[in-house]
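# Residue-level structure breakdown
Listed below, chain by chain, are the residues.
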Amino acid sequence: MIKKINNNYKRRKKVSDKIVKSEPHLRFCPLGGFEEIGRNCVFFEYENEIVVVDIGIQFPEEETPGIDYIIPNVAYLEPKKKNIKGLILTHGHYDHIHAIPYLIEKLGNPIIYTALLTKALVEKRLEEFPNLPKPKFHIVKQGDNVTISEYFKAKFFDIGHTIPDGVGFIMDTPVGNMVHFGDFRVERKSDGEAYNLENFKKLGEMNVHTAFLDSTNADIKGKSISEDIVEKNLEDLIKRAEGRIIIATFSSLLTRLAIIFKIAAKLNKKVAVNGRSMKDNVQIAKNLGYIKAPKNLLINTEDIKKYEDNKIIILTTGGQGEPNAGLMKIATGQHKYIRFKVNDTVVFSSSVVPGNERSVQMLQDNIARQVDEVYNSKLLDIHASGHSPEEDLALVMDLVKPKFVVPANAYYFKRKACAKIANNSKAVKNGAVLVDNGQVCEITKDNFKVSSETVPAGYVMVDGLGVGDVEEVVLRDRLMLSAEGMVVVIATISKQTGKLLKNPDIISRGFIFLKENGDLLDEVRAKLRSVLNRIPFGQRPDPDYIKGLIRDQIGQLLYKKTKRRPMVLPVIIRI
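Everything in this summary refers to the structure shown in the same document. Computed from a prediction, not measured in an experiment: that's the story for all the values here.

Quick notes on the rules
Numbering of residues starts from 1 in each chain and follows the order in which that chain's sequence is written. Since the coordinates come from a predicted model, pLDDT governs what is reported: local features require at least 70, and pairs of side-chain atoms require 80 or more to be given and counted, while whole-chain, interface and lining totals use all residues. Remark: hydrogens and water are excluded; side-chain values derive from all non-hydrogen atoms of the structure. Like-charged residues within 9 Å of one another, or nonpolar side chains (Val, Leu, Ile, Met, Phe, Trp, Tyr) within 5 Å, are grouped into patches, provided each residue has over 30% relative accessible area and no salt bridge. Surface accessibility follows the Shrake-Rupley procedure with a 1.4 Å probe radius. Residue values consider only the protein chains on display as shielding. Salt bridges, as used here, are contacts in which a Lys or Arg side-chain nitrogen is within 4 Å of a carboxyl oxygen on Asp or Glu. Per the convention used, a helix needs a DSSP run of H or I reaching at least four residues, while a strand needs a run of E reaching at least two, with both numbered from the N terminus. Between buried and exposed lies partly exposed: a residue is buried under 20% and exposed over 50% of the maximum accessible area for its type, with that area taken using a 1.4 Å probe on protein chains only. The pairing criterion is simple: DSSP has to find at least two bridges between the two strands. Orientation is described by axes fitted as lines to C-alpha atoms, over the contacting stretch for helices, and by angles from 0 to 180 degrees between their N-to-C directions. Two residues form a contact once any of their heavy atoms are found within 4.5 Å. The set of buried Ala, Val, Leu, Ile, Met, Phe, Trp, Tyr and Cys residues whose side-chain atoms join them within 4.5 Å is what this entry labels a nonpolar core. Stacked, tilted and edge-to-face pairs are distinguished by plane angle, under 30 degrees for stacked and over 60 for edge-to-face with tilted covering the rest, among Phe, Tyr and Trp rings (Trp via its six-membered ring) whose centres lie within 6.5 Å. Think of it as a cone above the ring: NZ of Lys or CZ of Arg counts as a charge over the ring if it is within 6 Å of the ring centre and within 35 degrees of the ring normal. The directions from the helix axis to the C-beta atoms form the arc being described. Definition of a polar contact: a pair of N or O atoms within 3.5 Å, with one able to donate and the other able to accept a hydrogen when the atoms are protein atoms, and with sequence-neighbouring residues admitted only if both atoms are side-chain atoms. An angle counts as roughly parallel when it lies under 35 degrees, as roughly antiparallel when it exceeds 145, as roughly perpendicular when it falls between 65 and 115, and as oblique in every other case. Each residue gets one of three labels, nonpolar for Ala, Val, Leu, Ile, Met, Phe, Trp, Tyr, Cys and Pro, charged for Asp, Glu, Lys and Arg, and polar for the others, Gly among them. Helix crossings are classified by the rotation of the near helix relative to the far one: an anticlockwise turn of less than a right angle makes the crossing left-handed, while a clockwise turn makes it right-handed.

Turning to a nonpolar patch on the surface, a few remarks are in order. Residues L501, V571, I573 and I575 make up a contiguous nonpolar surface patch of about 340 Å² in total accessible area. Considering the arrangement of structural elements, one finds I575 in the segment after β26 (567-574). Judged by relative accessible area, I575 falls into the exposed class, the value being 57%.

Dropping the structure here:
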């Protein structure tokens, strides 16, 4: 059973205006994605019916060492899984779908409403979990009207993003129309003119109660860069390159990958894909027709050496500095088939996920020592974000004309920037409402209020095969070990007397270099003898008591001498 980590989660109490309970009221709550980038998951609840939207992962942080993923906390939903009528997936990025294998059973395996590509990506992911029940899909596309349950009906529409088949929806509820865009951007031509605005205009005629808006780039001025500009700049780079082109991007950034395949075919280049997840996603996109690749365009990485360098494009994962991803293996010389050459051109064609800045910079430094040309989106427009900046968000608000705006899918700072845009918009009638993870909101036909009720929304962590079994104390120990190191004190004592039988052994890892700190070691041994000599002769004290005594006394000594607090691990051998 999943154990929830809620101690880090501060329960907020915000008293709302009283809502008359006799009138219909819809409940809304985010379980993730409203205080971080990733882990996107929200739900709507009316009487005994629940609709969940997205169920993604968050990548680990510095404060979560050794963790693979962080996933939404569904402790509130699990006992109510019979009430869950549907799960809507807005698109196929990992921060919106990748937690499904860990949580779908806990949600009662509801019908999944999503587009064709997202379905294929989820199915590929579920192949790694053969013991899960077979998922139930309902494929949706632009203009589809779906009756999810008695109280929830949804109409789906296409949204622009960096992956095909992204969908938003307007959900008809007893209190009004709720619009959720998932992650989206306003599509623009190379001259900056916005296009494909028809869906936003139609929503503006549908009396939208609340719009839930992606706020990832709300703090960035201006408008989206056209993908046409990115394509032109990438094509120019590839034309100019004297050697191989190595392009690092997200494995699920399929719109960008399709552009690169298009350029490769035009320039008569060969494309090698490096990274298992990218290979899988490219194959899925090819099968569905989202990537056009002429015969013999795609080659295996082991065949790269068969072609001239200026005929090769390598697509790879690892643009975020992940230690086990494809680009890092090339940079550190661990890749079986690919080594950097001086005349290679390396391109980072993706944005840096907040929190990864340092690892990306170190990777770029490493690569710059090995090749002549390294490009990123700060040097050249070779990446167009899939998230709308300030000007585009204002445009969408003006077109949709909602009563309320709820900034979503970002840190508080970014959501507050979105709230400012909404509060300055004449089209948003009642302004913005800022909601944090776990806060339950009550919505009536004329109101959107954050109630005083909260539900568990703390981190649930995936660590290897364990799901939710890494608790706060484990993370605290890992952080202590990484920051202060550890000292192991091994004492061999008599069963009968409790006295030391031999000189104590001391092991240090990440604390001090033993050979250069003999005096401190002597003091530690002397303190250990002093502690054990206090035990009255003939007594058999509890081993846990002795360990606690050693831990406290040795810890105090080490702090006094070094002003550091390593983890002290006493080992008692009784003979």
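Back to the write-up after that little detour.
Next up on the list: the sheet that holds strand β5 (residues 84-88). An order of β7-β6-β5-β3-β2-β1-β20-β21 is seen for the eight strands of this open sheet, with the pairing classed as mixed. Taken across any chain shown, the strands that pair with only one partner, and hence form the sheet edges, are β7 (136-139) and β21 (448-454). For this sheet, the mean angle separating the axes of adjacent strands, direction not counted, is 25 degrees. Here β5 runs beside strand β6 (residues 111-114); their pairing, made up of two bridges, is parallel. Counterpart to I88 in the pairing with β6 is Y113. Most of the contacts of helix α3 (residues 116-126) go to β7, to which it runs at about 160 degrees, and overall it touches β6 and β7.

Here we take up the environment of V524. Tracing the backbone through its elements, the reader meets V524 in helix α13 (residues 518-533). Residues V524 and G555, 31 residues apart in the sequence, show an inter-C-alpha distance of 9.6 Å. Those residues in contact with V524, other than ones at most four positions away along the chain, are I506, I554, L557 and L558.

Turning to the sheet that holds strand β25 (residues 505-509), a few remarks are in order. Spatially, the three strands line up as an open sheet ordered β25-β24-β26, and their pairing is mixed. Bordering the open sheet on either side are β25 and β26, each of which pairs with just one other strand. Strand after strand, the sheet turns through a mean of 15 degrees between neighbouring axes, direction not considered. Bridge count between strand β24 (residues 486-493) and β26: eight bridges; the pairing is parallel. Of the residues in β26, the one forming a bridge with V488 is L569.

Here we come to the pairing of β5. For β5, the buried fraction is high: four of the five residues fall into the buried class. By the bridge criterion, four bridges tie strand β3 (residues 49-53) to β5 in an arrangement that is parallel. Bridge pairing in β5 links I50 to I84.

As a rule of thumb, soluble globular proteins bury nonpolar side chains together. Counting 66 residues, the largest nonpolar core has I71, L77, I100, I313 and L315 as the members making the most contacts within it. Take this core: its biggest share by element is eight residues, from helix α6 (residues 254-266). Listed in part, the 32 residues of the second largest apolar core include F34, F169, F212 and V450.

For the rest of this paragraph, the subject is unusual backbone geometry. Positive phi, close to 60 degrees, is recorded for R39, a residue that is not glycine. Overall, the relative accessible area of 1% leaves R39 in the buried class.

By the definition in use, this model includes 30 salt bridges. Here R125 makes a salt bridge to E128, at a shortest N to O gap of 3.3 Å. Taken together, the shared-partner salt bridges connect R27, E45, K80 and E453 into one network.

What follows covers the environment of T562. In this fold, T562 is placed in helix α14 (residues 543-562). Accessibility expressed as a relative area gives 24% for T562, which makes it partly exposed. With 50 residues separating them in the primary sequence, T562 and I512 have C-alpha atoms 9.7 Å apart. In this view, T562 contacts F511 and L520; residues no more than four positions away in its chain are not counted.

This model, assessed by the stated rule, comprises 16 aromatic pairs. When the centroid spacing of 4.7 Å and the interplanar angle of 40 degrees are considered together, the rings of F28 and F212 count as tilted. Of this pair, F28 sits in strand β1 (residues 26-32) while F212 sits in strand β12 (residues 208-214), placing them 184 residues apart in sequence. One exposure class covers both F28 and F212, and it is buried. Within the aromatic cluster, the residues linked to one another by ring pairs are F28, F34, F44, F212, F404 and F448. In this structure, K119 packs its charged tip against the face of F137, placed 5.5 Å from the ring centre. Sitting over the face of the ring of Y559, R565 holds its NZ or CZ atom 3.8 Å from the ring centroid.

Turning to helix α10 (residues 390-400), a few remarks are in order. Within α10, the full set of buried residues consists of D392, L393, V396, M397, L399 and V400. Across the axial projection of α10, the buried residues extend over an arc of 165 degrees, all falling on one side. In this fold, the buried residues of α10 make contact with α4 (198-203), β12, β19 (404-408) and α11 (412-423). Once α10 finishes, K401 follows within two positions and takes phi at roughly 55 degrees, a positive value.

Locating T90 in the fold gives a position in the loop between β5 and α1 (94-97). The class for T90 is buried, based on a relative accessible area of 0%. Within polar-contact distance, the side chain of T90 engages the side chain of H91 at 3.1 Å. T90 has contacts with V53, D54, H96, D165, G166, V167, F169, H180 and G182, leaving out every residue within four places of it along the chain.

What follows covers the packing of α6 against helix α7 (residues 276-287). The contact between α6 and α7 brings their axes to 11 Å, and the two run at 75 degrees. Taken as axis vectors, α6 and α7 run roughly perpendicular relative to one another. On α7, the residues touching L254, L257 and F261 of α6 are M278, N281, V282 and A285. Of the residues belonging to the contact of α6 with α7, the class tally is six nonpolar, one polar and no charged.

Glancing now at the side chain of N199. Mapped onto the elements of the fold, N199 is located in helix α4. For N199, the side chain forms a polar contact with the side chain of Q142, separated by 3.0 Å. What N199 contacts, discounting residues up to four positions off in sequence, is Q142, F157 and D158.

The next point concerns the packing of α13 against α14. Two numbers describe how α13 lies on α14: the axes approach to 10 Å, and their chain directions differ by 145 degrees. Crossing hand, α13 versus α14: right-handed. In this structure, α13 contributes L520, E523, V524, K527, L528, V531 and L532 to the contact, and α14 contributes I546, L549, I550, Q553, I554, L557, L558, K561 and T562. For the contact of α13 with α14, the residue count by class is eleven nonpolar, two polar and three charged.

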